[in-house]
Every structure is written in C-alpha cells, then in structure tokens.
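Here's the letter readout for the chains.
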Amino acid sequence: MQAAKSSEDPMLTGRYGDFGGQYVPELLMPELQRLDQAFQHYQQDPEFQAELTDLLSNYANRPSLLYHAKRMSADLGGAQVYFKREDLNHTGAHKINNVLGQALLAKRMGKKRLIAETGAGQHGVATATVAALFGMACDIYMGKMDTDRQALNVYRMELLGATVHPVTAGSMVLKDAINAALQAWTARADDTAYIMGSATGPHPFPVMVRTYQSVISQESRQQSLDQLGHLPTAVVACVGGGSNAIGSFANYIDDPTVQLIGCEAAGKGSATPLTAATMTCGRPGIFHGMKSLFLQDDAGQIAPVYSISAGLDYPGVGPEHVQLAKTGRAQYVAITDDEAVAAFEYIAKVEGIICAIESAHAVAYVQKLAPTMRPDQSIICTLSGRGDKDVAAIAKYRGVTLNED
Amino acid sequence: MLSTVVAGDPNFEQTVSQVVTLAQAGCDLVILAVPFSDPVADGPVVQAADERALKAGTTPAQVFAMVAAIRQQTTMPIVLSAYANLLYQYGYAAFAAKCQALAIGGVIVPDLPLEEQGELQPTLAAQGIALMPQVGTTTTPKRAQAIAAAATGFIEVLATPGQAPTVTSTQPVIAALRAVTELPIVILSETTTVAATELATVADGVVIGSTMVQLIATQSSVLSQLTAMTKALRQALDASHH
Ligand SMILES: Cc1ncc(COP(=O)(O)O)c(C=O)c1O
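About the cut-offs
Residues numbered from 1 in each chain as written. Chains lettered and ligands numbered in written order. Predicted model: local features only at pLDDT ≥ 70, side-chain atom pairs only at ≥ 80, totals over all residues. Heavy atoms only, no water. Helix = DSSP H or I, 4+ residues; strand = E, 2+ residues; numbered from the N terminus. Rg over C-alpha atoms; globule rule 2.2 N^0.38 Å. Buried < 20%, exposed > 50% of the residue type's maximum accessible area, 1.4 Å probe, protein only. Contact = heavy atoms within 4.5 Å. Lys, Arg positive; Asp, Glu negative; His and termini not counted. Charge placed at Lys NZ, Arg CZ, Asp CG, Glu CD. Salt bridge = Lys/Arg side-chain N within 4 Å of Asp/Glu carboxyl O. Polar contact = N/O pair within 3.5 Å; in protein donor to acceptor, adjacent residues only side chain to side chain. Near = heavy atom within 4 Å. Areas by Shrake-Rupley, 256 points an atom, 1.4 Å probe, with all protein chains shown as cover. Nonpolar A, V, L, I, M, F, W, Y, C, P; charged D, E, K, R; others polar. Pairing = 2+ DSSP bridges. Axes fitted to C-alpha atoms, helices over the stretch in contact; angles between N-to-C directions. UniProt positions renumbered as here; feature names shortened; annotations may be inferred. Phe/Tyr/Trp six-rings, centres within 6.5 Å; stacked < 30°, edge-to-face > 60°. Lys NZ or Arg CZ within 6 Å of the ring centre and 35° of its normal.

## Concerning the overall build of chain B
At step 1: A tally of helices and strands in chain B yields 11 helices and nine strands.
At step 2: For 242 residues, the compact-globule formula gives about 18 Å, and the C-alpha radius of gyration of chain B, at 17 Å, lands near that figure.
At step 3: Over its C-alpha atoms, taken along the principal directions, chain B stretches across nearly 45 × 40 × 30 Å.
At step 4: Going through the 242 residues of chain B one by one, you find that 55% of them count as buried.
At step 5: Intrachain contacts of chain B at a sequence separation of at least 6 include 67% that bridge at least 24 residues.
At step 6: Positive and negative side-chain charges of chain B, numbering 9 and 17 respectively, have mean locations separated by a distance of 4 Å.

Encoded structure:
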C-alpha cells in the first residue's frame, strides 16, 4: 500500500477525487477554518485522545460487542453472520461516538452551546445527551414532519434540557433541518458549535465524522481477528449520509479481500419517486457544502425524498462513499421499505434483537447475501441503532392499532 | 442603488415588469435571484419568495428568457444570483455563454467561497462575465484582501444574519478592501431609507434586498410602490453622496 501524498490526503484537502469541498456561504468560512485547525490539532493531542477514549469506554459503553448470530446464520444457511452492536451504546445508536468527539472538540474550542440537526431524532438525542453531560446549552433543529412522527425522541431531547425547534420551511424534513441549523450557526458561531450528524457537509465534517466513527471498525477488525482468527469476508452497513457505514468500513479499506457493502433506502422502490436511494439514482451536484451525489430535478432543485426510515431519507450522501463506489472499493445496494420491515421482524424473532429500522436495511441485505456464501465465510453487519423508537411506526405499517392513551 | 428581485415571484410576466419599473425609477442595477429549493444563505423573506417562484414553475432557462424580455425594454445592468448547483447542472460553459449573449454583467454564487471559485471563474472570465464575491463584516482583513484580489465586478459586504449592517460594523472590512482594490464595494441592506443613506456614506452602493422582495410579496399595486420606493431611495442616496 502506498501512503497518500499530503496533496491528496482528504484529511487535509477535504477532497475525495472530484467530491467533497467547502461549498458554503462566505460568512461560514472563517468558522469552518477554525474548526478544521482545531480538529487537526487535537488529533495529535494525546490528552484529548485519552479523554475521548475514556468517555467512549466509561460513558458510551464501548467497545461494543461483536456478536455471532448463530441462529440467523444457521437459518440463512450460508456465511456466519456477526453483528457489530452499536445499538448497545448509551443513547442506543452509533451517533454518540461522533457527538462525543465533536462536542469534546467544541469544549476545547471554548464553545458554550451545541446545535444540531436531526432526522429520526437519534443524533439530536445524542447531542442533547452530551450537552447535558458537559453542561452546555443545546438547540436542536428538526423538520416538522419528523417532530410529528418521532414525538418520543422530541420529548427525550427536552428531558435532556435541549430546546427542539420544529422547522417548517421547505419539505420540513432532515434536509430542511440542516438548512436551519447551518443558518443558526452562521448567525451565531462565536459561542456555538454545530455538531454535524453524518459524514456529510463541508470539509472538515466528512473527515471529522469518519474519524470519530472509525472506532467501530477499529474495534471490529481486532474482534474479528480475536474471535474468528481472520478478517471478515464482507462488512455490511446502512447508509443515510453514511456515518455508521464509513465508520464500519474505514479500517478495512486497505484490506482488499474484505468486501464493503452499503445499504441505502429505496423507499417504495428506486424506480419510483418515493425513494431515498442517492447512490442508485442521484446525479453529481453541489449542496449542503459538498460536491456529491444528490436526488434532484433536471434544473438542480433538490428533490423531496422518501423512506419509512427517518434516518435514511436524505437526498445526498457523504462524498467519500461516492468515491468508494467510483473506484469500486465499495458496493451500494438499495433496500425497499417492505424488505426493511420484513428484516426488522425477522431479526426480532430469530435473534431477539429489535434493531433500528435504519439498521434493518443492512439486515435485509445480509438475508440476501449470506445464503450465497460458504459457511467458512463471514459477514459483519453493523446494527447502527436499537429499534424502540420504531415500534409504533412498524405497527402502523402493519395496520396494527396501539392503544397509547 | 441596487435591488434584489427573485425571478419568477410571483410569475414570469410580473418579474419582467418589476425589473423594467425599477430601471425606469432610477435603480442602477438589479440582482436577479434564480430561485432554489434550499437557499441556505438567505433569510425567511427570500426563502418564501423562492418557494413561490418555484411553485410557479420557474427554471434557470426561464430566468434567461425573462432577461431576454427585460433586455427589449432596458439596458440597465443585470447580475444573476444563483446557488452553485443551478450553475453546475446548467453547465458552467453554457451558463457563461448565455450570460454573455444576454449582456448579464456578472454572477453572484452565494455558496461558492474563494476556495471553490477556481472551477467556475475562468469559464465566466472567458466570456467577460464577472464572478462577484461576498465578504462578511467579520471576515478578517487578510481574508477579505485575498477575496478582493480574485474579485471582478463588485464586492458585496454582508452583515451577520439577524444583525442589520451599520457604518460602524462595515467600516473595518471596507477599509481592508479599499487598501487593495479599486472595485466598487456595495453593502446588502435589509432595512429603511435612513439606514441605506447612512451606509451609502461608506460604500459605493447599497443593495436593497429583502425589503424589496417583501414589498413585491405584498402583491397590491406593486409597480407603483416599487417606483415610489426606488425614487425615494435614489433621491436620498444622491443627496448623501453629493
Ligand atoms: C440508528 C441509525 N442508523 C443509521 C442512521 C443513518 O445515518 P448514517 O448514514 O450517517 O449512519 C441513523 C440516522 O439518524 C440512525 O439513527
């Protein structure tokens, strides 16, 4: 393997081939540059790294388990299936890894207030949690559609002391929440850090989020060597903006034998307009600070997206994934609502795990992939989150009325 | 005096009459904003106008057609403001050629900072089209000067959102710019005649932004109101300049 030249290192350039960059209003540039410098600086700071590791171990419950799903492996009759259990983290998803990193950085930069966007509410909950832990103020921007369908997470954030701002502009979902959060940050950056929830946005966010989420594959690679005696055959993760996937892939990118597969949300089908399958259907464009793939119309207006999963319905994707697909290093598949809901029910019955509907998109692909493989081969599938938040929506999808009064 | 108009709000024909009216009332230049689905650099007034314009079916191709119609009635300078993705999808070379053909003097791209301008600026320059940058009141002098060194057309000074620009807040960055450039410097002003005339004492021009867009949104006798407002501002600004 050849080390990347510094002129090509995305850590420094913010570029993944043609993708990435810093396409933001000038008013945001000074703060982004400060953030970039601080991030680079604290990456080299042993004290910062030690404090982050301590928080991950003693607050977030890391390392997360690498669990051998024996019943599911036997039932599918092919590869051995392992789950990387990010659902067992404090706050119930991988989002906490990234928030602890970014919030600790914010604290070092002297910030007193955290703001964030959220779709399903998991990133908002993680941000509100860490704000409480650090004694910081917290404002969360969430599309009005999402505050309605994820009311429980809204209340959770409020319990944690955050203020949740329902966003009524545009289509009132995740992309609109990001617009509002970026605007709020532009208006007030001196004491405020914007905690980006996925491996998206302007540099340095994609590289920062990747760095803080890489703990997933750092652990799973070692666990795989310890428990299996070798590297996995394939790593599978769901892709919204791509943070749990890039974290799950990062430490295997230089292991060419390990197949990397991202699962995005096809919604009602990637041939229909009711989809969020950016890698499958998107075109190159510039939005939310990055050059990447986006679902958009001919003129370049960003398209409304749909998925049963509030965490996957984003019209773009992190720039590194676009580059990984382009070079063939990773493959991306689209999973429909129906397939994801069936997988949600399957893993509950076969393994006793209620996983997030986002993660169920990855499980659905494992159900297809494992039977095509040999029993001496293995798949690590990241369970990015737990599914308590989704139970009511799945019941509704199945036409079951729950008495919640 | 410069004014912002969101193209297509409320429709093609009325945008054409609005711009022609502004020209006749003494406006020096109109910044025609191409509506975008997600105008992150704009406040709620322009966001709402963009939404109305998109509902009316406005596309970048139609905005060029509006300029063609405007050009039959006035030679007033016109500048387009468009988010990067709209230019990217249209094709930078095709966009530049179209601007050249319609005598559009320059383009403002709110989400294309200095670091990213290299992919567009040479293509525009080849057609003689300026890429006009924005600087903030909190932009450091060093950065402002780097922006000025790469600038063509004019430089627009913006206040932090939610804070109206003042003579005091804009003076430092303007002084830094003046030290290295002869280009005209304009300030985006969101407010009243009094504020605009004060700003005109430190800048070469004042852009009436959301105030104009809001006036257009009120819908009743828009053209006569545009005329009245433009004439009043024009007079006040001329008086303060001389
Ligand atoms: C549990 C869970 N998984 C996955 C995602 C998708 O995000 P990403 O692609 O950044 O991992 C979310 C987003 O809200 C989530 O809550």
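## Side note on the interface of chain A and chain B
At step 1: Tallying the contact residues gives 30 residues for chain A and 35 residues for chain B.
At step 2: Our count for the chain A to chain B interface comes out at four salt bridges.
At step 3: A:Glu26 serves as the salt-bridge partner of B:Arg143, at 2.7 Å between the closest nitrogen and oxygen.
At step 4: On the surface where chain A and chain B come into contact, there are 22 residue pairs in polar contact (both at pLDDT 80 or more).
At step 5: Residue assignment for the side of chain A that touches chain B shows that the elements contributing at least two residues are β2 (19-23), α2 (29-43), α9 (174-187) and β11 (283-287) of chain A.
At step 6: Of all the elements, α9(A) adds the most residues to the side of chain A that touches chain B, at six residues.

## Observations regarding the site of the ligand
Residues and elements named next belong to chain A.
At step 1: For the ligand, the set of nearby residues contains 17 residues, the closest of which are Ser198, Gly240, Gly242, Ser243 and Ser384.
At step 2: At 2.8 Å from an oxygen atom of the ligand is found a main-chain nitrogen or oxygen belonging to Gly242.
At step 3: Contact with the protein chains removes 97% of the 400 Å² of surface that the ligand exposes when unbound.
At step 4: A class-by-class count of the residues in the shell around the ligand yields four nonpolar, 11 polar and two charged.

## Considerations on the sheet that holds strand β3 (residues 66-68) of chain A
Residues and elements named next belong to chain A.
At step 1: One open sheet accounts for six strands, arranged β3-β4-β14-β9-β10-β13; its pairing is mixed. A single partner strand is all that each edge strand has here, and the edge strands are β3 and β13 (330-336). For this sheet, the mean inter-axis angle between neighbouring strands, taken without regard to orientation, is 25 degrees.
At step 2: As paired strands, strand β9 (residues 234-238) and strand β14 (residues 378-383) are joined by three bridges and run parallel to one another.

## Remarks on the environment of A:Met29
At step 1: Along the chain, the position of A:Met29 falls in helix α2.
At step 2: Accessibility expressed as a relative area gives 0% for A:Met29, which makes it buried.
At step 3: Each C-alpha atom, one on A:Met29 and one on A:Thr186, is 9.4 Å from the other, the two residues being 157 residues apart in sequence.
At step 4: If we ignore the near neighbours within four places in the chain, the residues touching A:Met29 are A:Gln22, A:Val24, B:Pro113, B:Glu115 and B:Arg143.

## A short note on the sheet that holds strand β4 (residues 104-108) of chain B
All names here are of chain B.
At step 1: Across the sheet, nine strands lie side by side as β5-β4-β3-β2-β1-β9-β8-β7-β6; this open sheet has parallel pairing. The sheet is open, and its two edges are formed by β5 (130-131) and β6 (134-136), each paired on a single side.
At step 2: Bridge analysis of strand β1 (residues 2-6) against strand β9 (residues 205-208) gives two bridges, and the strand direction is parallel. Along β9, the bridge assignment pairs Leu2 with Val207.
At step 3: Against the sheet, helix α1 (residues 12-24) makes contact with β1 and β2 (29-33), and its axis sits at roughly 175 degrees relative to β1, the strand it touches most.

## What to know about the side chain of A:Glu26
At step 1: Its location among the elements puts A:Glu26 in the loop between β2 and α2.
At step 2: What makes A:Glu26 buried here is its relative accessible area of 4%.
At step 3: Looking at A:Glu26, its side chain comes within polar contact range of the side chain of B:Arg143, at 2.7 Å.
At step 4: With residues near it in sequence (within four places) discarded, A:Glu26 still touches B:Pro110, B:Pro113, B:Gln134, B:Val135, B:Gly136, B:Thr139, B:Arg143 and B:Ile147.

## Regarding the pairing of strand β12 (residues 289-294) of chain A
Residue and element names in this part refer to chain A.
At step 1: For β12, the tally of buried residues reaches six of six residues, placing the bulk of the element in the interior.
At step 2: Bridging between β2 and β12 involves two bridges; their strand directions are antiparallel. Along β12, the bridge assignment pairs Tyr23 with Gly289.
At step 3: In this sheet, β12 lies alongside β11 in antiparallel orientation, the contact comprising five bridges. Across the sheet, residue Arg283 finds its bridge partner in β12, namely Phe294.

## Quick look at the UniProt feature "domain: Tryptophan synthase beta chain-like PALP" (unreviewed entry) in chain A
At step 1: When the UniProt feature table is mapped onto this chain numbering, "domain: Tryptophan synthase beta chain-like PALP" (unreviewed entry) sits at residues 61-385 of chain A.
At step 2: Between the C-alpha atoms that bound residues 61-385 of chain A there is a distance of 14 Å. The span itself is 41% helix and 21% strand.

## Things to note about the packing of aromatic side chains
At step 1: Scanning all chains against the criterion turns up 12 aromatic pairs over all chains.
At step 2: With a centroid separation of 5.8 Å and an interplanar angle of 80 degrees, the aromatic rings of A:Phe287 and A:Phe294 are classed as edge-to-face.
At step 3: Note on A:Phe287: relative accessible area 3%, which makes it buried.
At step 4: With a relative accessible area of 0%, A:Phe294 lands in the buried category.
At step 5: Taken together, the ring pairs in this structure connect A:Phe287, A:Phe294, B:Phe36 and B:Tyr83 into an aromatic cluster.
At step 6: Above the face of the A:Phe134 ring, A:Lys107 is positioned so that its terminal group lies 4.7 Å from the ring centre.

## A word on the UniProt feature "modified residue: N6-(pyridoxal phosphate)lysine" (unreviewed entry) in chain A
All names here are of chain A.
At step 1: Residues given the UniProt feature "modified residue: N6-(pyridoxal phosphate)lysine" (unreviewed entry) here are Lys95.
At step 2: Along the chain, the position of Lys95 falls in helix α5 (residues 95-108).
At step 3: Judged by relative accessible area, Lys95 falls into the buried class, the value being 17%.
At step 4: Excluding residues that lie within four positions of it along the chain, Lys95 makes contacts with Gln122, His123, Ala126, Gly197, Gln213 and Ser243.

## Here we look at the pairing of β14(A)
Residue and element names in this part refer to chain A.
At step 1: The element β14 is largely enclosed, with a buried count of six among its six residues.
At step 2: Every second residue of β14 is oriented toward a common face, with Ser378, Ile380 and Thr382 on one face and Ile379, Cys381 and Leu383 on the other, all of them buried.
At step 3: Summarising the sheet, strand β4 (residues 80-85) and β14 pair through six bridges and their orientation is parallel. The residue of β14 that forms the bridge with Tyr82 is Ile380.

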